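The primary structure of each chain is shown beneath.
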Amino acid sequence: MIRFTNTLTRTLDPFQPAGDVVTMYVCGITPYDESHIGHAMSYVVFDVVKRYLTWRGYHVKHVQNFTDIDDRIIERANRLNITTDELVARYIAAYTDDMRDLNVLPADVYPRATREVPEMIEMIEGLIKNGFAYEAASELSESSDVYYRVSAKKDYGALSHRTQDSLLAGARVEPGEHKEHPADFALWKGAKAGEPSWDSPWGKGRPGWHIECSAMSLKYLGAQIDIHGGGEDLVFPHHENEIAQTEAYTGQQPFVRLWLHNAWVKMGEEKMSKSLGNFITIRDGLKKVGGDGLRLWILTSHYRKPLTFTEETLDAAKAGVARLRTAARAGGDAGDAGVDLAAYRERFTAAMDDDLNTPQALAVLFDLAKEINRARDEGRGMAQAQGLLLELGEVLGLRLEQPEQSIEAAPFIDLLVQVRDELRAAKQWQLADRVRDSLAALDVVLEDSASGTTWKPA
RNA sequence: GGCGACGUAGCCAAGUGGUAAGGCAGGGGUCUGCAAAACCCCCAUCACCGGUUCGAAUCCGGUCGUCGCCUCCA
């Protein structure tokens, strides 16, 4: 039985989707800058959720949004003197490249806020009609704002385990806003001069942040969905507000059956974040340790625990990948090594069933790798065990069977290796070693074995 | 102030009642022309104090420390 920790209940609950197709909504990025490895953690984690459920026989429909209009996008576009559309297109492309290289499977739909405005307006109108929202004049705009009336929903705060009273303390009202209650939040913002805006019953304006996810999950996945995921920092206020909006609008509860949240990446003792400026981009991480390396680094920690970034841990992940790859690719003799494959399969499944315990699942892969290496050393067949290693690796999104990038110089390296073999046959050790050392300096590692010499990128 | 998380070997990180998975690094071997890889062996009593229990890293209480959310954030 697959179980997950549900943020709403804080308990480990059996996974029970409502229908044949598992509906999963994951909060996507705001494309105004390059994504960092904290984002990578979130998307890799939910990619593994999807891969694992699929491996277990479920069909998953995955929707992930792009928040393509917000303050940061407007600011950044103004600063670069380009349109918000141009800015957004640039960073969606960068994100897409990052995900491809991380081997993150694409979502089924990538809705964008700016293309779903009518749906959001319809929802806001419904909320006003049934008393959960109200229009309010704004001194910052010629148009009105629309706010969600938090006090109208009794269980507001359930996800983040907060009371409405406690929310009063932290809530802030910007100058010029006319909220009934400080904790009320914007569904629609009246347009300020020079901002992109859309026509609405309340004049020109743009949607608030939270309403987009409510509108898009409703449109693409229905009033009630199985899984909603995102980073832990979205629990409040974003996801709390999504629940409030969607449930108030549809009248159906619960909006989400299973809330999943991943913890954050720490830089030393602090959270990695854009605002602190202490981030490593996905692109840089990929250059350093590759897609598998980054994934392994992320998955060696449980998704609900903070993951510490240091250069050393990233290097460790890279070395770990090399180890798994060696076992997966070492020239395999056909046949069964006498390895109890079913036992490994069961251990892996048990670990993953238990709230996606990827650290334990990886331990199973490493144990299996050791068995494969041992079989090879003893001259036993190991092809089946290697097949299992690849299969389980794939569930975690690891591409162990092939180099991630084709190397253009491969034919030349092969040639050098051949020449070196002849030198070795002639016992010209010094020259042979020079070839090896020179290739090493170019990050090509040679390994001699009884069956010949192989090489791999460092 | 409110809510929450965490503190396990040099580093990272599982384990939530029966005497500590895994990875990286390190040490010693085997193999090798040498090296690399691989294999074998070694390397922690779980922040601290007290309690419950036959038995606790794991439950309870306290102390110290660290971090997060409450404002944009994966």
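The following paragraphs examine the structure supplied in this document.

## Description of the protein's contact with RNA strand B
In the region of RNA strand B, 62 residues are neighbours, and Trp209, Gly231, Leu234, Glu269 and Arg436 sit closest. The contact atoms of RNA strand B, taken as those within 4 Å of the protein, divide so that sugar and phosphate hold 73%. Within the side chain of threonine 308, an N or O atom sits 3.3 Å from a phosphate oxygen of RNA strand B. Glutamine 360 places a polar side-chain atom, nitrogen or oxygen, 2.9 Å from a sugar or linking oxygen of RNA strand B. Among the secondary structure elements, those contributing two or more residues to the surface near RNA strand B are helix H1 (37-55), helix H5 (164-170), strand E9 (225-231), helix H9 (311-329), helix H11 (358-377), helix H13 (410-425), helix H14 (429-441) and strand E14 (444-449). Counting residues per element, the surface near RNA strand B draws most heavily on H11, which supplies 10 residues. Grouping the amino acids of the surface near RNA strand B by side-chain chemistry returns 18 nonpolar, 23 polar and 21 charged.

## Concerning the packing of aromatic side chains
Counted according to the given criterion, the structure contains 14 aromatic pairs. Taking 5.9 Å as the distance between ring centres and 35 degrees as the angle between the ring planes, the aromatic pair formed by tyrosine 52 and tryptophan 55 counts as tilted. Residue tyrosine 52 and its partner tryptophan 55 are both found in helix H1; the two are separated by 3 residues, about one turn of the helix. Exposure remark for tyrosine 52: the relative accessible area of 0% places this residue in the buried category. Accessibility expressed as a relative area gives 26% for tryptophan 55, which makes it partly exposed. With a centroid separation of 6.4 Å and an interplanar angle of 20 degrees, the aromatic rings of tyrosine 156 and phenylalanine 185 are classed as stacked. Of this pair, tyrosine 156 sits in the loop between strand E6 (144-148) and H5 while phenylalanine 185 sits in strand E7 (residues 185-190), and the two are 29 residues apart along the sequence. The buried category is assigned to tyrosine 156, whose relative accessible area is 5%.

Reading guide: rules and limits
- Residues numbered from 1 in each chain as written.
- Chains lettered and ligands numbered in written order.
- Predicted model: local features only at pLDDT ≥ 70, side-chain atom pairs only at ≥ 80, totals over all residues.
- Heavy atoms only, no water.
- Near = heavy atom within 4 Å.
- Polar contact = N/O pair within 3.5 Å; in protein donor to acceptor, adjacent residues only side chain to side chain.
- Helix = DSSP H or I, 4+ residues; strand = E, 2+ residues; numbered from the N terminus.
- Nonpolar A, V, L, I, M, F, W, Y, C, P; charged D, E, K, R; others polar.
- Phe/Tyr/Trp six-rings, centres within 6.5 Å; stacked < 30°, edge-to-face > 60°.
- Buried < 20%, exposed > 50% of the residue type's maximum accessible area, 1.4 Å probe, protein only.

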